[in-house]
There are 2 protein chains.
Amino acid sequence: MKAHTGHVVPVILSGGSGTRLWPMSTPERPKQFLALTGNETMFQLTAARTADPARFSPPIIVANARHAALIDVQLSAIGMIPDAVILEPMARNSAPAIALAALAAPESVLLVMPSDHVIADTDAFGSAVSRGLPFAEAGWLVTFGITPDAPETGFGYIRSGDPLGEGVVAVDRFIEKPDHMRAEAMIAEGGHCWNGGIFLMRGQAYLDALGIHAPEILGACETAMSAARFNGAKIHPDEGAFSSSPATSIDYAVMEKADRVAMVPIDMGWSDVGSWDAIHALAEADAAGNAVRGDVQLEDSSGCLIETDGIRISGAGLQDLIVIASGNEVLILPRGKSQEARRFAK
Amino acid sequence: MKAHTGHVVPVILSGGSGTRLWPMSTPERPKQFLALTGNETMFQLTAARTADPARFSPPIIVANARHAALIDVQLSAIGMIPDAVILEPMARNSAPAIALAALAAPESVLLVMPSDHVIADTDAFGSAVSRGLPFAEAGWLVTFGITPDAPETGFGYIRSGDPLGEGVVAVDRFIEKPDHMRAEAMIAEGGHCWNGGIFLMRGQAYLDALGIHAPEILGACETAMSAARFNGAKIHPDEGAFSSSPATSIDYAVMEKADRVAMVPIDMGWSDVGSWDAIHALAEADAAGNAVRGDVQLEDSSGCLIETDGIRISGAGLQDLIVIASGNEVLILPRGKSQEARRFAK
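Residues numbered from 1 in each chain as written. Chains lettered and ligands numbered in written order. Predicted model: local features only at pLDDT ≥ 70, side-chain atom pairs only at ≥ 80, totals over all residues. Heavy atoms only, no water.

## Focus: the overall build of chain A
- Within chain A, the regular secondary structure consists of 11 helices and 19 strands.
- Relative to the 2.2 N^0.38 estimate, which gives 20 Å for 346 residues, the radius of gyration of chain A is 20 Å and therefore close to what a compact globule would have.
- Seen through its principal axes, chain A has C-alpha atoms that stretch 60 × 50 × 40 Å.
- Each of the 346 residues in chain A was classed as buried or not, and the buried ones make up 56%. (Helix = DSSP H or I, 4+ residues; strand = E, 2+ residues; numbered from the N terminus. Rg over C-alpha atoms; globule rule 2.2 N^0.38 Å. Buried < 20%, exposed > 50% of the residue type's maximum accessible area, 1.4 Å probe, protein only.)

In structure tokens:
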């Protein structure tokens, strides 16, 4: 690994199984590799967000091995050369994925980001990273707390503790995905943020915490990386070793248990783009609230999201309908029910 | 033409432009050639309705020349050999189409039927033909009046006049497609039937009436048939002559004007299958009112009609929606609005 002292190393996690935005999103091409929110894919937007060479080193990508070619194509399309592309032989959730990156760059401060989220206000994001950086350099595990605008039940929450500095607080505790009543109570109480899965920390600080709270994961990942196969920027961790790691999220394995966990609250127009309803909310709609992409003929309709990558869709008199056509599949759901996409995804 | 004295000659009209059941129905394959209501096409069902050799001669088909191959295939699939297939070089509406058939069999009693209607009670139809036959043989133009069950605005109506015999009345007058108020008034008044476009008459009686009320049509069709090209059972009327005929319906050209027009009122489970809503009404639905055909995954939905001839359609939480996929086209409409299919048909 090249050393980039003083710079932050972006770590882009390309996980996810591609079920919530089916049929566009599939295991072969999950949503981060699709241009669902603009002309670039969310993976490209994530990489471009940390492209400033004055602040960031080239990124480390951690992805499923089956997506290696997609990653090459999508990074070169935006002129980005990664520091490393770590290709997981199978998915083992975020704690092992981040461990692989931390083992590749233990002395660097890592900015860990999911590749399938949208951030509208990148300036706000940049400022938040700056506020968190001194804490990360001092050994804190820093997380970013998204200012909630609704009692969402699909995210974990983080409760603020004591202030640590300008715009940085200690974490009182992590709260797993709540039911609706609990979510409403947290919003009413204030001081709670959504857990957006973005982290800033020294690689070694994470590895140390992993050694204390999840030593099996650390051991498996260390073996996988010391037996790894290298091919240019591509790193193939050893399959047998990596497969022996527990599949655990970073929140559950480390964050909920570690000392010196800080949070930077931010309001940055964040979305996890976790459903077709979220896509509709992000999309540019006409005066009647319709957002269409592809070969669509729509008349006398309102509040619809209609996207197709091939076949033509014609509709009239439709209200609040989601219609997504990809290849030989068409999905039709009422708006507000788009989580149902999952039941049809294979 | 072979003579079949004493038998009725079915005349099957294959017209229609294929717009109301788009995208399944297209100009290349209009709805009569599709199996939309069962395992056989409506064209086949129409031909089979008059297959009894004790009562009917082999049929005369009048169709657009572009459908010659479809007709061959669909008739041979049900083991039927037509007397003649008259292939119109272009559509000129029903008065000229029937004139071509009447010129081919002037001495026969013709039972003229559209090929794209459904008749559930074929016994009732057979009885009605029997009731009308003596009148047709005596030179009357006999029409069949469908007992109306709703104030439809998509059909012409026929007002009953004086009784002529058992189940046969004189026609008081023909009424063009009414507005809703007028349709309701006719239903309330009683004595009005829908004009189903089915006729029973001697060929010569029709030609005589045409000579009086629409001599231009008769002249054009006589020239077209005398200059026709014959190829086995196929008859190709002369294009130049036929194209000079006015394009007029039999109702407007003859029925509304002729003397000795009789009506046999019948209740026979008739549908003109004129929309996807009509298909839904005819289809076998599950307990929730959903009728599906093809590769469809439907959950928690009610009152839907979903048909596909290829691509898979998946839906959940849908109410009263019509979804039709054919080839590279998908049409989506609310139930009750299926006449909107027309606006998308090319």
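## Quick notes on the relation of the copies chain B and chain A
- By a simple turn and slide, chain B fits onto chain A: the slide is 0.0 Å along the axis, the RMSD is 0.0 Å, and the turn is 180 degrees. Read as a symmetry element, the transformation amounts to a two-fold axis.
- Comparing interface residues between copies, 100% of those in chain B also sit at the interface in chain A, which points to an isologous, same-surface contact. (Least-squares fit on C-alpha atoms with pLDDT ≥ 70 in both. Contact = heavy atoms within 4.5 Å.)

## Re the interface of chain B and chain A
- With 25 residues of chain B in contact, the opposing surface of chain A contributes 25 residues.
- Around 2100 Å² of area is buried between chain B and chain A when both sides are counted, 57% of it from carbon and sulfur atoms.
- The three residues of chain B that bury the most area against chain A are Arg312, Ile332 and Phe344 of chain B, which together make up 27% of that side's buried surface.
- For the interface between chain B and chain A, the tally reads 6 salt bridges.
- The residue Glu329 of chain B makes a salt bridge to Arg312 of chain A at a minimum N-O spacing of 2.7 Å.
- At the boundary of chain B with chain A, the tally comes to 16 residue pairs in polar contact (both at pLDDT 80 or more).
- Looking at the side of chain B that touches chain A, the elements that each hand over two or more residues are strand E15 (296-299), strand E17 (312-316), strand E18 (321-326), strand E19 (329-334) and helix H11 (341-344) of chain B. (Buried area = accessible area lost by both parts, 1.4 Å probe. Salt bridge = Lys/Arg side-chain N within 4 Å of Asp/Glu carboxyl O. Polar contact = N/O pair within 3.5 Å; in protein donor to acceptor, adjacent residues only side chain to side chain.)

## Structural notes on the pairing of strand E6 (residues 141-146) of chain B
Residue and element names in this part refer to chain B.
- Along E6, 6 of the 6 residues are buried, which leaves the element largely enclosed by surrounding structure.
- Where burial is concerned, the two faces of E6 agree: the one with Leu141, Thr143 and Gly145 and the one with Val142, Phe144 and Ile146 are both buried.
- Relative to strand E12 (residues 261-266), E6 is paired through 6 bridges, and the arrangement is parallel. Bridged to Phe144 within E12 is Val264. (Pairing = 2+ DSSP bridges.)

## Describing the sheet that holds E15 of chain B
- If you trace the 6 strands from one edge of the open sheet to the other, you get E14(A)-E16(A)-E18(A)-E19(A)-E17(B)-E15(B), paired in mixed fashion. Whereas interior strands pair on both sides, the edge strands pair on one side only; in this sheet they are strand E14 (291-293) of chain A together with E15 of chain B. In this sheet, neighbouring strand axes are inclined to one another by 10 degrees on average, regardless of whether the strands run parallel or antiparallel.
- Direction of pairing for strand E16 (residues 305-308) of chain A relative to strand E18 (residues 321-326) of chain A: parallel, over a ladder of 4 bridges. Bridge pairing in E18 of chain A links Thr308 of chain A to Ala325 of chain A. (Axes fitted to C-alpha atoms, helices over the stretch in contact; angles between N-to-C directions.)

## Section: the packing of aromatic side chains
Residue and element names in this part refer to chain A.
- Per the counting criterion, the structure on display carries 14 aromatic pairs over all chains.
- Pairing Phe155 with Trp194 gives two aromatic rings, centres 4.9 Å apart and planes at 55 degrees, and the pair type is tilted. Of this pair, Phe155 sits in the loop between strand E6 (141-146) and strand E7 (157-165) while Trp194 is found in strand E9 (residues 192-202), placing the two residues 39 residues apart along the sequence. Note on accessibility: Phe155 and Trp194 belong to one class, buried.
- Clustering of aromatic rings is evident, with ring pairs tying together Phe155, Trp194 and Trp270. (Phe/Tyr/Trp six-rings, centres within 6.5 Å; stacked < 30°, edge-to-face > 60°.)

## Thoughts on unusual backbone geometry
- Of the consecutive residues Trp22 of chain A and Pro23 of chain A, the connecting peptide bond is found in the cis state with omega at 5 degrees.
- Its place among the elements puts Pro23 of chain A in the loop between strand E1 (8-14) and helix H1 (42-49).
- Positive phi values are uncommon outside glycine, yet Asp300 of chain A reaches one of about 50 degrees.
- Even without glycine at this site, Val273 of chain B takes up a positive phi of about 50 degrees.
- By the secondary structure assignment, Val273 of chain B is in the loop between strand E13 (270-271) and helix H10 (276-282).
- On the basis of relative accessibility, which here comes to 0%, the residue Val273 of chain B falls in the buried class.

## A look at the sheet that holds E18 of chain B
- Judged by pairing direction, the sheet is mixed, and its 6 strands sit side by side in the order E15(A)-E17(A)-E19(B)-E18(B)-E16(B)-E14(B) without closing on themselves. The sheet is open, and its two edges are formed by strand E15 (296-299) of chain A together with strand E14 (291-293) of chain B, each paired on a single side. The sheet shows a mean angle of 10 degrees between the axes of neighbouring strands, direction not considered.

## A closer look at helix H1 (residues 42-49) of chain B
- Along H1 of chain B, 6 of the 8 residues are buried, which leaves the element largely enclosed by surrounding structure.
- What H1 of chain B keeps buried is the set Met42, Phe43, Gln44, Thr46, Ala47 and Arg49 of chain B.

## Quick notes on helix H3 (residues 94-104) of chain A
- Counting buried residues along H3 of chain A, 10 of its 11 residues qualify, which places the element largely inside the surrounding structure.
- Turning to H3 of chain A, its buried residues are Ser94, Ala95, Pro96, Ala97, Ile98, Ala99, Leu100, Ala101, Ala102 and Ala104 of chain A.

## Focus on the environment of Ala262 of chain B
All names here are of chain B.
- Mapped onto the secondary structure, Ala262 falls in strand E12.
- With 50 residues separating them along the chain, Ala262 and Arg312 place their C-alpha atoms 50 Å apart.
- When neighbours within four sequence positions are excluded, Ala262 is seen to be in contact with Trp140, Leu141, Val142, Thr143, Leu164, Val168, Val169, Ala170 and Val171.

## Topic: the pattern of salt bridges
- Enumeration according to the criterion identifies 26 salt bridges over all chains in this entry.
- Notably, a salt bridge pairs Asp300 of chain A with Arg343 of chain B, separated by 3.2 Å at the nearest N-O pair. Taken together, the positions of Asp300 of chain A in the loop between E15 and E16 and Arg343 of chain B in helix H11 put the pair across two chains.
- The class of Asp300 of chain A is exposed, set by a relative accessible area of 56%.
- For Arg343 of chain B, a relative accessible area of 39% gives the class partly exposed.
- Arg343 of chain A serves as the salt-bridge partner of Glu340 of chain A, at 2.4 Å between the closest nitrogen and oxygen.
- Residue Glu340 of chain A is classed as buried on the basis of its relative accessible area, which comes to 19%.
- Each of Arg159, Asp172, Arg173 and Glu189 of chain A takes part in salt bridges that share partners, so that together they form one network.

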